Amino acid sequence: MMACLTLSPPDAPVVLTLAIMAGQLALARVVRSQPYFFGKEYFIIGMITSIFWLGTSAMELMSVMLDCKMFWAKASWPAIQLVPMTWAMFLADYAFGEPARKPGWRRAVLIAAPLLVALAVVTNGWHQAFYTSDTRLGLANGRISAIYTYGVLFYIACASSYAFLGAGVMVAIAGAMRAHRRYRAFFLAMLSITALPVAGNVAYLAGGFTIYGVDPTPFLFATSLMIIAWMVLNNQMMDINAIAKDLLFYNTSDPIVVIDVHGCLAGANPEAQRMFADLPPVGGDVTRVRVLGHCVADVLQRKGAITGRAMQVDMRHFDLRITPVEKPLDHARARMGWVLSMIDVTERRYLTAALLAERDYLSTLMETSMSGIVAMDADGRVVFANREAERIMQATLPELRALSYSDPILEVVHIDDGTDLITIDQLNVALAEGRKIRAHRSSFVRPDGTRRVISCNVAPLNNPGMEAKIVVSLDDITESYAAEEELRAAVERAEAASRAKSRFLANMGHEIRTPLNGVLGMADLLDRSVSDPDHRRKLDTIRRSGEMLLNILNDLLDMSKIEAGKLPLNIEPFRPDALAARVEELHIHRAEAKGLAFDVFTSGAADRPRLGDQQRVMQIMQNLVSNAVKFTEEGEVSVTFACPPGGPLVIEVADTGIGMTGEQAARIFDEFEQADGSTTRRFGGTGLGMSIVRGLVEMMEGSIALDTVPDRGTTVRVVLPLAEVA
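Residues numbered from 1 in each chain as written. Predicted model: local features only at pLDDT ≥ 70, side-chain atom pairs only at ≥ 80, totals over all residues. Heavy atoms only, no water.

For the rest of this paragraph, the subject is the packing of helix H1 (residues 12–32) against helix H2 (residues 40–62). Packed helix pairs are specified by the crossing angle of their axes together with the interaxial distance, meaning the distance between the axes. For the pair H1 and H2, interaxial distance at closest approach is 9 Å and the crossing angle is 165 degrees. Taken together, H1 and H2 sit at an angle that is classed as roughly antiparallel. Seen from above, H1 lies across H2 with left-handed handedness. The segment H1 lies against H2, with Pro13, Val14, Thr17, Leu18, Ile20, Met21, Gln24, Leu25, Leu27, Ala28, Val31 and Arg32 engaging Lys40, Phe43, Ile44, Met47, Ser50, Ile51, Leu54, Gly55, Ala58, Leu61 and Met62. Residues belonging to the contact of H1 with H2 are distributed by class as follows: 17 nonpolar, four polar and two charged. (Axes fitted to C-alpha atoms, helices over the stretch in contact; angles between N-to-C directions. Helix = DSSP H or I, 4+ residues; strand = E, 2+ residues; numbered from the N terminus. Parallel < 35°, antiparallel > 145°, perpendicular 65-115°, else oblique. Left-handed = near helix turned anticlockwise from the far one by under 90°. Contact = heavy atoms within 4.5 Å. Nonpolar A, V, L, I, M, F, W, Y, C, P; charged D, E, K, R; others polar.)

Next comes the structure, spelled out in structure tokens:
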């Protein structure tokens, strides 16, 4: 390497190269100090690497030996890789805008590609895959130059560079096609500048074209970069402020016209040219333009002192804004002309009209509402009231504004419990916690002295800019409240009468049961002393009639206790299978006597004890099974005890009897009700059995359901949540 620093004296080509390098370095320093533009970082990196590339080319020109020429050629390759990459990235950022965060792959490529090509050229002595051993010295353009022969790695490196150059060309083409016409010439210049080094490199590789016997590509790239730098410094094509101003003028959707002090056109943006087809060329008289001409005439007459001017063009509405253009160096600030900006307010006008219409609509709804609407501030003072609220309160809005929520003159009372109404502070706390107040009933005194009852719904208004913080809807319920009070009194009277009836039934039941037990006892004693068959038959009739009457009394007493909530439940363990056996024992003979099949089934853990009132469960079964046998003339009656482990006790009683209609089933649980009058005449009974069953099931927190079809039978399903004994 030290031997390669021994160079021949610089001749004219080397001096030219060094001059280009010096010019590039100076331009790079100046560009670096310029205002920001998209891709500036990559542009400066490209200029620096181009300077390095030119420097290695100069060293190659001044080298004499083949090894030294190859050494400087190899040293130039990291720069050869970087220049096309930074050029393509600069064009992409400038054309499409710099991303908020630079992609990480860019930095990786900018580091990895030069390192890989440097590794390839440094190790070329081993693999000869970049420059082959056929490379030799030769004469080119009258100079001793290296005649290179290339290997596969050389072409791979070239392909990488061409890929980025191709990307740059595509960006320039896309920019020329998509940019505003004002900037298309700039992108076409970019395309030409990008194509210049590409053409030179192709000529070098394909036709052996050189500059002073070396690759012309670095010289052409240096030329391209210097042209771009000149454009930055002189034309400010990439100055973000200049671009922004042009974009604002040319791309705004509002028409803009610039006139001088004589009313002649100084400039107009594309939207103004589109809107005013008769707009004259620059220097023409604008006062002759339709619609706009009258505005310009007023501006000239009043020297621009016009405010609030509106205009209409082709069904579009505009607000005219006039900005004077003054001479910047004139101490008197003499006028050069005016900028006429026409702001399209068509949608705003339509929106304003729609808002006014909606406001009128909502106002109409508010005023015709059958509910009073009142808005209050944070202190409970009225700030708004609709017409219905004024009627309910018997006061006008100005009079209501003088009142507050808790004003003593209103004598507001919470009627549900007779206490005072909640305070405004308590109300604000409730609303702040998100608790809306619904159907809050209160009473107040009107100015005429009458007390009215109102129902209130209260909700917060969370708009910080509004004076109103609480909205209240009022309904005058004085008459309905009076009717409700009358109904409540009637219900209380009916409940008192029901309680009196229950006490009467209980007392009469005890009074009747005492002599009835005496009659049944004497009948049993008399039965032991009577041997005549006819007399025994008569005694049996007396005994059965007495037992039937005793059952009726027991049902009446149970029903009255259930209604009064005084029927106790004796909770103790019992086994469902034992209960099933008892049911079968009590009813099988009666069923067989009617020729019915009678079956009792158990499933699950029927032998596992459950906690409940065995006597009351048996009473439920007695009523259900007795009814099933009584109302079944032929077929079968089945009883099922389902005892799933961990689940409720489920009892089903199914028969093939007379069944019921839907209307009959709907009232089967009512007191003293049967399917119809013929059922009572045909089968007897008081109609209390199913009422008692429902009452007992509900006391045990269970449920009962019927599935019945006329003439096909009935299935009663009882679910009792009786816990298993551990």
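Having seen the model, we can carry on.
Moving on to the side chain of Asp93. Tracing the sequence through the fold places Asp93 in helix H4 (residues 77–96). Residue class for Asp93 comes out buried when judged on its relative accessible area of 1%. Here Arg106 takes part through its side chain, which lies 3.0 Å from a polar atom of the side chain of Asp93. (Buried < 20%, exposed > 50% of the residue type's maximum accessible area, 1.4 Å probe, protein only. Polar contact = N/O pair within 3.5 Å; in protein donor to acceptor, adjacent residues only side chain to side chain.)

According to the stated counting rule, one finds 17 salt bridges in the structure shown. Residue Arg316 is joined to Asp344 by a salt bridge in which the shortest nitrogen-to-oxygen separation is 2.9 Å. Taken as a pair, Arg316 in strand S6 (residues 316–326) and Asp344 in strand S7 (residues 335–344) lie far apart in primary sequence, 28 residues in all. Looking at Arg316, the relative accessible area reads 28%, which means it is partly exposed. You can call Asp344 partly exposed: its relative accessible area is 27%. Where Asp360 meets Arg359, a salt bridge forms, and the shortest distance between an N and an O atom there is 3.9 Å. Given the relative accessible area of 53%, Arg359 is considered exposed. (Salt bridge = Lys/Arg side-chain N within 4 Å of Asp/Glu carboxyl O.)

Here H2 spans 33 Å end to end across 23 residues, near enough to the 33 Å set by a 1.5 Å rise per residue. Counting buried residues in H2 gives 19 out of 23 residues, a clear majority hidden from the surface. (Expected span 1.5 Å × (residues − 1).)

Another aspect to go through is the sheet that holds strand S18 (residues 649–655). Reading across from one edge, S15-S17-S18-S20-S19 is the order of the five strands in this open sheet, with mixed pairing throughout. This sheet does not close on itself; its edge strands, each paired only once, are strand S15 (597–604) and strand S19 (703–709). The average undirected angle you get between the axes of adjacent strands in this sheet is 10 degrees. Packing against the sheet, helix H20 (residues 614–630) makes contact with S15, strand S17 (636–643), S18 and strand S20 (713–720), and its axis sits at approximately 20 degrees to S18. Where helix H23 (residues 689–699) meets the sheet, it contacts S19 and S20, and its direction lies at approximately 140 degrees from that of S19. (Pairing = 2+ DSSP bridges.)

Before going further, it helps to spend a moment on unusual backbone geometry. Backbone geometry places Gln128, a non-glycine residue, at a positive phi of 50 degrees. Its location among the elements puts Gln128 in the loop between helix H6 (124–127) and strand S1 (136–140). According to the relative accessible area criterion, Gln128 is partly exposed, its value standing at 31%. Residues other than glycine seldom take positive phi values, yet Val291 does so here, at roughly 65 degrees. Along the polypeptide, Val291 turns up in the loop between helix H11 (270–275) and helix H12 (292–301). With a relative accessible area of 27%, Val291 lands in the partly exposed category.

Here the focus is the confidence of the model for the protein. When pLDDT drops low, the exact placement of atoms in the prediction is not to be read closely. In this model, the protein carries a mean pLDDT of 79, and residues with pLDDT of at least 70 account for 81%. Per-residue pLDDT, averaged within each element of the protein, yields its smallest value for helix H22 (residues 677–683) (49) and its largest for S18 (94). (pLDDT = per-residue confidence, 0-100.)

A few words now on the packing of aromatic side chains. If you walk through the whole model with that rule in mind, you get 13 aromatic pairs. Look at Trp77 and Phe130: their rings are 5.0 Å apart centre to centre, the planes differ by 85 degrees, and that puts the pair in the edge-to-face class. Taken together, the residues Trp77 in helix H4 and Phe130 in the loop between H6 and S1 connect sequence positions 53 residues apart. The two residues Trp77 and Phe130 agree in class, both being buried. Aromatic rings pair up to connect Trp77, Phe130, Tyr131, Tyr148, Tyr150, Phe154 and Tyr155 into one cluster. (Phe/Tyr/Trp six-rings, centres within 6.5 Å; stacked < 30°, edge-to-face > 60°.)

Inspection of the secondary structure assignment puts Arg610 in strand S16 (residues 610–612). Assessed through its relative accessible area of 0%, Arg610 is described here as buried. A distance of 2.8 Å separates a polar atom in the side chain of Arg610 from the backbone oxygen of Gly647. Here the side chain of Arg610 touches Leu722 through a polar contact of 2.8 Å, landing on its backbone oxygen.

Okay, the environment of Pro609 next. Position of Pro609 relative to the elements: it lies in the loop between S15 and S16. Remark: the alpha-carbon pair of Pro609 and Pro576, spanning 33 residues in sequence, is separated by 7.0 Å. With residues up to four places along the chain from it excluded, the contact list for Pro609 reads Pro573, Phe574, Arg575, Ala723, Glu724 and Val725.

In this section: the packing of helix H19 (residues 576–593) against H20. Contact pair H19 / H20: the axes reach a minimum separation of 11 Å and the direction vectors enclose 25 degrees. Regarding the angle of H19 to H20, the classification is roughly parallel. Pair H19 / H20 crosses with right-handed handedness. Mapping the contact onto sequence places Leu579, Arg582, Val583, Leu586, His587, Arg590 and Ala591 in H19 and Gln614, Val617, Met618, Met621, Gln622, Val625, Ser626, Val629 and Lys630 in H20. Tallied by class, residues from the contact of H19 with H20 come to nine nonpolar, four polar and three charged.

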